Amino acid sequence: MNKKIWLSSPHMGGTEQNYINKAFEENWIAPLGPNVNGFENDLKEYTGATACTALTSGTAAIHLGLIQLGVGKEDEVLCSTFTFVATVNPIIYQGAIPVFVDSEEETWNMCPEQLEIAIKDRIEKKGKKPKAIIVVHLYGMPSKMDEIMEISRKYDIPVLEDAAEALGSTLNRKAMGTIGDIGIFSFNGNKIITTSGGGAIVSNNEEYCQDSLFLATQARDAAPHYQHSRIGYNYRMSNITAGIGRGQMEILDKHISLRRRNHDFYKKELSNYKNIQFLEELEGGFSNRWLSCILTDSFDTREKIRLALQENNIESRPLWKPMHLQPIFINYDKYLNGVSENLFEKGLCLPSGSNLEIADLELITKTIKNTLKY
Ligand SMILES: *Cc1c(COP(=O)(O)O)cnc(C)c1O
């Protein structure tokens, strides 16, 4: 049996340990220090964002981002239904109410038409505008931000970009995460770069990031003693994990090209099969191809492929189960067009790590081709 092929596993570049060693030598074993500042500067430089605050997770970044946008009790937040649960949970932490918006077929991300339908309907039904929009760039694919930002401006509702999966992706040369009012990234173990666990909030509004830093470090007022006028959190990134992040930033572009190579390989080998479709970039869009995904013609084809891969010790996974189908969110309002349910039924994520070898990719495509014969 071949060695296990993972969906997306950590891939160190080699210099990460140097940054950690330096932190030990200088005794910066704390949730602050030169690596944290250095990592934030790297992220600002790479994305072009004016400000950045490094945090313990992408989930924490979404939470603080919602606080910056003034989301509180009973406020409604429009949110992509086709996403990972961490996009939605912080809405609940704030006592606010998620309203789910379906995807469009081109990018699989939030559908601008459904978004506008939802806004109009909420205003009519509730007499109150939704407080924020959370757009997710799933699998690294840039969303239709031109259309979404136009709607955001038309109704004056701010946008938080969940770019947890989209570090390095761009639309018309702008980094995902820097187009809306606030953007967030994740550095969890399976993401395009990892700090073992971590996240960041970025913005061109420096105040958002400064206030997030204040809240992330327990909201300490300026006083020699401990004094607090607001509720804070313990969300600041550690100087050790930030060291991993600095090393990872050095090889981010290289790893993106390797992920894109994976996608191109799958497409070259499989796009002749009429029951397999690939996700294409928008004009002007550049995806980091965090995960390579296929859309098959039926649940049965999808399962046949998934089980054949599993038998060969190859990990694959159905696309995200939409939030409006999750037991915990089943009773929330939603604006649907069938796209995300279709993707969930027929879609599959293939192994996509930057550390895959050509022989792995060959074994994966050979296994898939064998199932398509029947
Ligand atoms: C991973 C992820 C998050 C959460 O990030 P963590 O760092 O794991 O908290 C949020 N949204 C999406 C779309 C993600 O993939």
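Given the structure is predicted, the values throughout are model-derived calculations rather than measurements. (Residues numbered from 1 in each chain as written. Predicted model: local features only at pLDDT ≥ 70, side-chain atom pairs only at ≥ 80, totals over all residues. Heavy atoms only, no water.)

Visitor: Tell me about the overall build of the chain, and name the residues and values.
Guide: Secondary structure summary: the chain contains eleven helices and 15 strands in total. Here the C-alpha radius of gyration of the chain, 21 Å, is about what a compact globule of 374 residues would show, namely 21 Å. Burial statistics for the chain: of 374 residues in total, 57% are counted as buried. Relative to all contacts within the chain whose residues are 6 or more apart in sequence, the contacts with residues 24 or more apart total 72%. Counting only carbon and sulfur atoms, one obtains 49% of the accessible surface of the chain, whose full area is about 16300 Å². (Helix = DSSP H or I, 4+ residues; strand = E, 2+ residues; numbered from the N terminus. Rg over C-alpha atoms; globule rule 2.2 N^0.38 Å. Buried < 20%, exposed > 50% of the residue type's maximum accessible area, 1.4 Å probe, protein only. Contact = heavy atoms within 4.5 Å. Areas by Shrake-Rupley, 256 points an atom, 1.4 Å probe, with all protein chains shown as cover.)

Visitor: Give me the domain arrangement of the chain: which residues, what numbers.
Guide: Per the domain assignment, the segments of the chain are domain 1 (16-249) and domain 2 (252-372). Here domain 1 and domain 2 have C-alpha centroids that lie 25 Å from each other. Facing 48 residues of domain 1, the contacting portion of domain 2 comprises 37 residues. Taking both partners together, domain 1 and domain 2 bury about 3800 Å²; carbon and sulfur atoms supply 63% of that area. Scanning the region where domain 1 abuts domain 2 turns up one salt bridge. Among the salt bridges present, the one from Asp-333 reaches Arg-122, with a minimum N-O distance of 2.9 Å. Where domain 1 touches domain 2, the interface holds 24 residue pairs in polar contact (both at pLDDT 80 or more). Of the residues contributing to the side of domain 1 that touches domain 2, the split by class is 25 nonpolar, 14 polar and nine charged. (Domains from an automatic or database assignment. Buried area = accessible area lost by both parts, 1.4 Å probe. Salt bridge = Lys/Arg side-chain N within 4 Å of Asp/Glu carboxyl O. Polar contact = N/O pair within 3.5 Å; in protein donor to acceptor, adjacent residues only side chain to side chain. Nonpolar A, V, L, I, M, F, W, Y, C, P; charged D, E, K, R; others polar.)

Visitor: How would you sum up helix H10 (residues 339-346)? Please name residues and give values.
Guide: All of the buried residues along H10 are Val-339, Ser-340, Leu-343 and Lys-346. Take H10 and look down its axis: the buried residues cluster within an arc of 145°, on one side only. In this structure, the buried residues of H10 make contact with strand E12 (292-296), helix H9 (299-311) and strand E15 (347-350). (Arc of directions from axis to C-beta.)

Visitor: A description of empty space enclosed by the protein should follow, citing residues and the corresponding values.
Guide: For the structure shown, the criterion picks out two cavities of 30 Å³ or more. Its volume calculated, the largest cavity comes out at about 50 Å³. The residue makeup of the lining of the largest cavity, split by class, is five nonpolar, two polar and one charged. Quantified by volume, the second largest cavity comes out at close to 30 Å³. (1 Å grid on protein atoms, 1.4 Å probe; cavity = no way out; pocket = protein on both sides within 12 Å on 5 of 7 lines; lining within 4 Å. Points joined across faces, edges and corners; volume = space filled by probe spheres on them.)

Visitor: Report on the site of the ligand, specifying residues and quantitative values.
Guide: The environment of the ligand is formed by 15 residues, the closest being Thr-59, Glu-165, Ser-186, Asn-188 and Lys-191. Separating an oxygen atom of the ligand from a side-chain N or O atom of Thr-59 is a distance of 2.5 Å. Between Ser-186 and the ligand, the recorded distance is 2.7 Å, taken from a side-chain N or O atom to an oxygen atom. Out of a free accessible area of 370 Å², the ligand has 94% covered by protein chains. In this structure, the ligand is accommodated by the largest pocket. Taken together, the residues that form the shell around the ligand break down as four nonpolar, eight polar and three charged. (Near = heavy atom within 4 Å. Sits in = over half its atoms within 2 Å of the grid points.)

Visitor: Lay out helix H1 (residues 16-25) in plain terms, naming residues and giving numbers.
Guide: Among all positions of H1, only Glu-16, Ile-20 and Ala-23 are buried. In a view along the axis of H1, the buried residues occupy a sector of 55°, so they form one face of it. A positive phi of about 60° marks Asn-27, the residue just after H1.

Visitor: Can you lay out the pattern of salt bridges for me, pointing to particular residues and giving the numbers?
Guide: For the structure shown, the criterion picks out 18 salt bridges. Between Glu-303 and Arg-302 there is a salt bridge whose closest N-O contact spans 3.0 Å. Using a relative accessible area of 4% as the deciding quantity, one classes Arg-302 as buried. What emerges from the salt-bridge pattern is a single network uniting Glu-76, Arg-122, Lys-126 and Asp-333.

Visitor: Talk me through the sheet that holds strand E7 (residues 174-175); I want residue IDs and the actual numbers.
Guide: As summarised here, the arrangement of the three strands in space is E7-E6-E11, forming an open sheet in which the pairing is antiparallel. One side of each edge strand has no neighbouring strand; the edge strands of this open sheet are E7 and strand E11 (285-286). Of the strand pairs in this sheet, strand E6 (residues 170-171) and E11 are connected by two bridges, and their pairing is antiparallel. When the sheet's bridge partners are listed, Thr-170 is paired in E11 with Phe-286. (Pairing = 2+ DSSP bridges.)

Visitor: Could you give me a rundown of the side chain of Lys-346, with the residues and numbers involved?
Guide: In this structure, Lys-346 sits in helix H10. Look at Lys-346: it is buried, it has no salt bridge, and the nearest opposite charge is Glu-345 at 5.2 Å. (Lys, Arg positive; Asp, Glu negative; His and termini not counted.)

Visitor: Outline the layout of surface pockets, supporting the account with residue identities and numerical values.
Guide: By volume, the largest pocket is sized at about 460 Å³. Residue lining of the largest pocket: 33 residues in total, with Phe-84, Glu-165, Asn-190, Lys-191 and Trp-320 positioned closest to the centre. Counting residues per element, the ones that place at least two in the lining of the largest pocket are helix H3 (58-68), strand E8 (182-186) and strand E13 (317-318). No other element matches H3, which puts three residues into the lining of the largest pocket. Classifying every residue of the lining of the largest pocket by side-chain character gives 15 nonpolar, twelve polar and six charged. Two domains each put at least three residues into the lining of the largest pocket: domain 1 (16-249) and domain 2 (252-372). Space inside the second largest pocket adds up to approximately 180 Å³. As for the second largest pocket, its lining consists of Glu-105, Glu-106, Trp-108, Gln-277, Phe-278, Leu-279, Glu-280, Leu-295, Val-339, Asn-342 and Leu-343. Mapped onto the lining of the second largest pocket, the elements with two or more residues apiece are strand E10 (276-278) and H10.

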